[in-house]
Amino acid sequence: QVQLVESGGGLVQAGESLRLSCTASGRTFSTYRMGWFRQAPGKEREFVAAISWTSGIAYYADSVEGRFTISRDNAKNTVYLQMNMLKPEDTAVYYCAAVRLSRPLREVKNYDYWGQGTQVTVSS
């Protein structure tokens, strides 16, 4: 059974940092990329970042480029999202997900597996 388990969310003030973690289990993910999405109340789920397990090449949404960094630890089957200079508009539930390498990585519909989400709240 595939499981993606996120952790690390919380309440911070604007300008502060958080690091989210996502630990994957239940299958081999070498042919997948791992992505982070977020969903704010009343809004659609949106792409944040993604990374390949094998190459480590990372992709970012324009809104987080330069502030967020995605990384992975293959030995721990864990993907991280380091979030710096947080803004109130970053407030959302953050989800970890997995998409096959052959599929476009910025669309929710292409992802096969999802975590349960972790809340990030940034106060002004």
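The model shown is predicted, which means the values in this text are computed figures rather than measured ones.

Caption draft 1: Quick peek at the overall build of the protein. The helix and strand tally for the protein stands at zero helices and eleven strands. Reading the helices (α) and strands (β) of the protein from amino to carboxyl end gives β-β-β-β-β-β-β-β-β-β-β. The globule rule puts the C-alpha radius of gyration for 124 residues at 14 Å, and the 13 Å found for the protein is close to it. When contacts within the protein are restricted to residue pairs at least 6 apart in sequence, those whose partners lie at least 24 apart make up 58%. Total accessible area computed for the protein in this model is approximately 6300 Å², and 46% of it derives from carbon and sulfur atoms. Positive and negative side-chain charges in the protein, numbering 14 and 11 respectively, have mean positions lying 6 Å apart.

Caption draft 2: Structural context of the packing of aromatic side chains. This structure, assessed with the given rule, holds eight aromatic pairs. Judged by centre distance (5.6 Å) and plane angle (75°), the rings of Phe29 and Tyr32 are edge-to-face. For Tyr32, a relative accessible area of 4% gives the class buried. Summarising the aromatic geometry, the rings of Tyr32 and Tyr113 are spaced 6.0 Å apart at their centres and angled 45° between planes, so their arrangement reads as tilted. Of the two residues, Tyr32 sits in strand β4 (residues 32-39) while Tyr113 sits in strand β10 (residues 113-114), which places them 81 residues apart along the sequence. Looking at Tyr113, the relative accessible area reads 23%, which means it is partly exposed. Here the aromatic residues Phe37, Phe47, Tyr95, Tyr111 and Trp114 are joined through ring pairs into a cluster of three or more. In this structure, Arg27 packs its charged tip against the face of Phe29, placed 6.0 Å from the ring centre. Directly above the ring of Trp114 sits Arg45, whose terminal nitrogen or CZ lies 4.8 Å from the centroid.

Caption draft 3: Layout of the pairing of strand β5 (residues 46-52). Of all the seven residues making up β5, six are buried; the element is thus mostly covered by neighbouring parts of the structure. Across six bridges, the pairing between β4 and β5 is antiparallel. If you follow Phe37 over to β5, its bridge partner there is Phe47. The hairpin formed by β4 and β5 contains six residues between the paired strands, and Gly42 there has a positive phi angle of roughly 80°.

Caption draft 4: Quick look at the pattern of salt bridges. For the structure on display, the rule yields six salt bridges. The partner of Arg38 in a salt bridge is Asp90, with the nearest N and O atoms 2.9 Å apart. Of this pair, Arg38 sits in strand β4 while Asp90 is found in the loop between β8 (78-83) and β9 (92-100), placing the two residues 52 residues apart along the sequence. Here Arg38 and Asp90 have matching classes, each one buried.

Caption draft 5: Structural context of the sheet that holds strand β3 (residues 18-25). The strand order across the open sheet built from four strands is β1-β3-β8-β7, with neighbouring strands paired in antiparallel fashion. At either end of the open sheet lies a strand with only one pairing partner, and these are β1 (3-7) and β7 (68-73). Taking the axes of each pair of neighbouring strands and ignoring which way they run, one obtains an average angle of 15° across the sheet. Bridging between β1 and β3 involves five bridges; their strand directions are antiparallel. Counterpart to Ser7 in the pairing with β3 is Ser21.

About the thresholds
- Residues numbered from 1 in each chain as written.
- Predicted model: local features only at pLDDT ≥ 70, side-chain atom pairs only at ≥ 80, totals over all residues.
- Heavy atoms only, no water.
- Helix = DSSP H or I, 4+ residues; strand = E, 2+ residues; numbered from the N terminus.
- Rg over C-alpha atoms; globule rule 2.2 N^0.38 Å.
- Contact = heavy atoms within 4.5 Å.
- Areas by Shrake-Rupley, 256 points an atom, 1.4 Å probe, with all protein chains shown as cover.
- Lys, Arg positive; Asp, Glu negative; His and termini not counted.
- Charge placed at Lys NZ, Arg CZ, Asp CG, Glu CD.
- Phe/Tyr/Trp six-rings, centres within 6.5 Å; stacked < 30°, edge-to-face > 60°.
- Buried < 20%, exposed > 50% of the residue type's maximum accessible area, 1.4 Å probe, protein only.
- Lys NZ or Arg CZ within 6 Å of the ring centre and 35° of its normal.
- Pairing = 2+ DSSP bridges.
- Salt bridge = Lys/Arg side-chain N within 4 Å of Asp/Glu carboxyl O.
- Axes fitted to C-alpha atoms, helices over the stretch in contact; angles between N-to-C directions.

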